[in-house]
Amino acid sequence: LRARLHQHFLYENKDRSIFRKNIGRALLNRDGDPVRVDWEIDLTTHQAKDRYGDSMDAKKLQAVERRVSRYIQENFSFVVLPVAAKEERLVLESRLISTVSWCSECRPSPGWLGLQSPKQKIRESGLWLVNELYKEPLGEAEMKSLYKIANQPPLGE
């Protein structure tokens, strides 16, 4: 969890976090910035770096990474729920995403940056992701279990 949060909130590399990449897409799309073409290229492999590296404006891309970090740090917070089993965490994550995506009352504000995303699923769902949307939502028993988990005293108390 710590490493994943670091990838999203601090480590400025769009190719290691689809969350960061999606925020950058929306920022660049909103601004009509031509660097959005380069933003789409995944530079995680040596082949990609060799093929595209020299033709990209590295300073401009780094500036976008800083904008993404600033946006995340100024607009996001998170809650950690203790769920020991990995399989249980993955099911819970999927169903939480699905529950919110199915919720007709859970819509973004008119000024939400995601409405500028080139990804239709992001604009329509109001979420910064496209996977696990509109699948199986949380059932009543899972909601009760989640409520119980969320209302436990913080770890260490």
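Residues numbered from 1 in each chain as written. Predicted model: local features only at pLDDT ≥ 70, side-chain atom pairs only at ≥ 80, totals over all residues. Heavy atoms only, no water.

By volume, the largest pocket is sized at about 1,600 Å³. In this structure, the largest pocket is lined by 32 residues; those nearest its centre are His8, Val79, Glu93, Ile97 and Leu129. Among the elements of the structure, α1 (2–9), α2 (18–31) and α6 (86–102) are those that each provide at least two residues to the lining of the largest pocket. Counting residues per element, the lining of the largest pocket draws most heavily on α6, which supplies 8 residues. When its residues are assigned to classes, the lining of the largest pocket shows 20 nonpolar, 5 polar and 7 charged. Residue lining of the second largest pocket: Glu12, Asn13, Lys14, Asp15, Trp39, Leu43, Met56, Ala58, Leu61, Gln62 and Glu65, and that is the complete set. Considering only residue class, the lining of the second largest pocket consists of 5 nonpolar, 2 polar and 4 charged. (1 Å grid on protein atoms, 1.4 Å probe; cavity = no way out; pocket = protein on both sides within 12 Å on 5 of 7 lines; lining within 4 Å. Points joined across faces, edges and corners; volume = space filled by probe spheres on them. Helix = DSSP H or I, 4+ residues; strand = E, 2+ residues; numbered from the N terminus. Nonpolar A, V, L, I, M, F, W, Y, C, P; charged D, E, K, R; others polar.)

Right, let's get into the pattern of salt bridges. Counted according to the given criterion, the structure contains 11 salt bridges. In this structure, Asp33 engages Lys60 in a salt bridge whose closest nitrogen and oxygen atoms are separated by 2.8 Å. A residue pair is termed long-range when its members are at least 10 positions apart, and Asp33 in the loop between α2 and α3 (36–39) and Lys60 in helix α5 (residues 58–75) qualify at 27 residues. Across the salt bridge formed by Glu142 and Arg95, the nearest N and O atoms sit 2.3 Å from each other. Of the two residues, Glu142 is situated in helix α8 (residues 140–150) and Arg95 in helix α6; the sequence distance between them amounts to 47 residues. When salt bridges with common partners are traced through the structure, they connect Lys14, Asp15 and Lys21 into a single cluster. (Salt bridge = Lys/Arg side-chain N within 4 Å of Asp/Glu carboxyl O.)

Here we come to the state of the cysteines. The tally for this structure, following the rule as stated, stands at 1 disulfide. Note that Cys103 is cross-linked by a disulfide to Cys106, the S-S spacing being 2.2 Å. Every disulfide takes its handedness from the sign of the S-S torsion; for Cys103 and Cys106 that torsion is 70 degrees, giving right-handed. Owing to a relative accessible area of 33%, Cys106 belongs among the partly exposed residues under this scheme. (Disulfide = S-S within 2.5 Å. Buried < 20%, exposed > 50% of the residue type's maximum accessible area, 1.4 Å probe, protein only.)

Our focus in this paragraph is the nonpolar core. Across soluble globular proteins, nonpolar side chains show a tendency to be buried alongside one another. Formed by 22 residues in total, the largest nonpolar core has its most connected members in Ile23, Val68, Leu113 and Trp128. Secondary structure elements with two or more residues in this core: α1, α2 and α5. Contacts of Leu113, omitting those with residues within four sequence positions, involve Ile23, Ala26, Leu27, Arg30, Tyr71 and Trp128. (Core = buried A, V, L, I, M, F, W, Y, C linked by side-chain atoms within 4.5 Å. Contact = heavy atoms within 4.5 Å.)

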